[in-house]
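The residues making up each chain are set out below.
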Amino acid sequence: MSKTTPATVALDKAGVRYALATYAYDPDADRVGLQAAEALGAPAGEVLKTLIVKADGKPACVVLASDREVSMKKLAAALGAKAAEMAPVPEAERITGYRVGGVSPFGQKKRLPTVLDAAAAELAEAFVNGGQRGLQVRLAPAELVRVLDAKVAAVAA
């Protein structure tokens with residue numbers, strides 16, 4: 001597995017301190033984020049998932065703990081939209097340049113408006129996808145806000 005991805009390149013360019021962690025990705029897992037947390041031996045609340053959504057038809061990114069569900073109503077409000085929905089898998093992959101299960105908020109083809117759940121923003125450190133299935137980066141969520149100019153909002157259901 002390559003440890004150099006568009007995500008790690010973006011993190012290096014931004015001067016972010018992070019640590020890499022790898023795990024055995026299970027493509028058949030019901031919930032990829034929870035499987036990653038278990039494989040890493042980390043609390044599910046500290047392993048963040050990256051979801052690609054459409055807010056009023058425009059793509060956006062939301063990052064929250066792998067054991068939480070996003071409230072589309074709260075997310076739409078945070079993005080100043082009337083409605084939000086999950087982006088179809090092929091569209092999410094085309095927009096980001098990553099395969100689902102390996103979508104990172106960093107190093108996407110086009111930088112999307114990003115929302116970080118308020119509970120995740122309070123963590124000192126957390127894992128986020130490193131841009132490849134089975135690759136995670138451990139960093140301070142505050143760096144996600146800084147590098148991506150992410151909005152912090154309570155968007156978990």
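The rules we used
Here the residue numbers are simple positions, counted from 1 along each chain's written sequence. At least 70 in pLDDT is required for a residue's local features to be given in this predicted model, at least 80 for side-chain atom pairs to be given and counted, and no such filter applies to totals for whole chains, interfaces and linings, which use all residues. Only heavy atoms go into the side-chain values, all of them from the structure, while hydrogens and water stay out. Segments assigned H or I by DSSP are reported as helices when at least four residues long, segments assigned E as strands when at least two residues long, and all are numbered from the N terminus. Each residue is placed in one exposure class: buried if its accessible area under a 1.4 Å probe, protein chains only, is under 20% of its type's maximum, exposed if it is over 50%, and partly exposed if it falls in between. A 1.4 Å probe and the Shrake-Rupley method give the accessible areas. Residues count as covered only by the protein chains that appear here. Positive charges come from Lys and Arg alone, negative charges from Asp and Glu alone, with His and the N- and C-terminal ends not counted. For charged residues, the charge sits on one atom: NZ in Lys, CZ in Arg, CG in Asp, CD in Glu.

**Quick notes on the overall build of the chain**
Scanning the chain from terminus to terminus reveals 6 helices and 8 strands. The secondary structure elements of the chain, listed N-terminal to C-terminal, are α-β-α-β-β-α-β-α-β-α-β-β-α-β. Summarising its shape, the C-alpha atoms of the chain cover approximately 40 × 35 × 30 Å along the three principal directions. Evaluated residue by residue, the chain yields a buried proportion of 48% over its 157 residues. For the chain, the exposed surface amounts to about 7600 Å²; the carbon and sulfur share of it is 51%. Positive and negative charge centroids in the chain, built from 20 and 17 side chains respectively, lie 7 Å apart.

**A look at unusual backbone geometry**
Notably, aspartate 56 is not glycine yet its phi reads approximately 50 degrees, a positive angle. Take aspartate 56: it is sitting in the loop between β2 (48-55) and β3 (58-65). We note that aspartate 149 has phi near 55 degrees; this positive angle belongs to a residue other than glycine. Mapped onto the elements of the fold, aspartate 149 is located in the loop between α6 (141-148) and β8 (151-153). A relative accessible area of 63% means that aspartate 149 is categorised as exposed.

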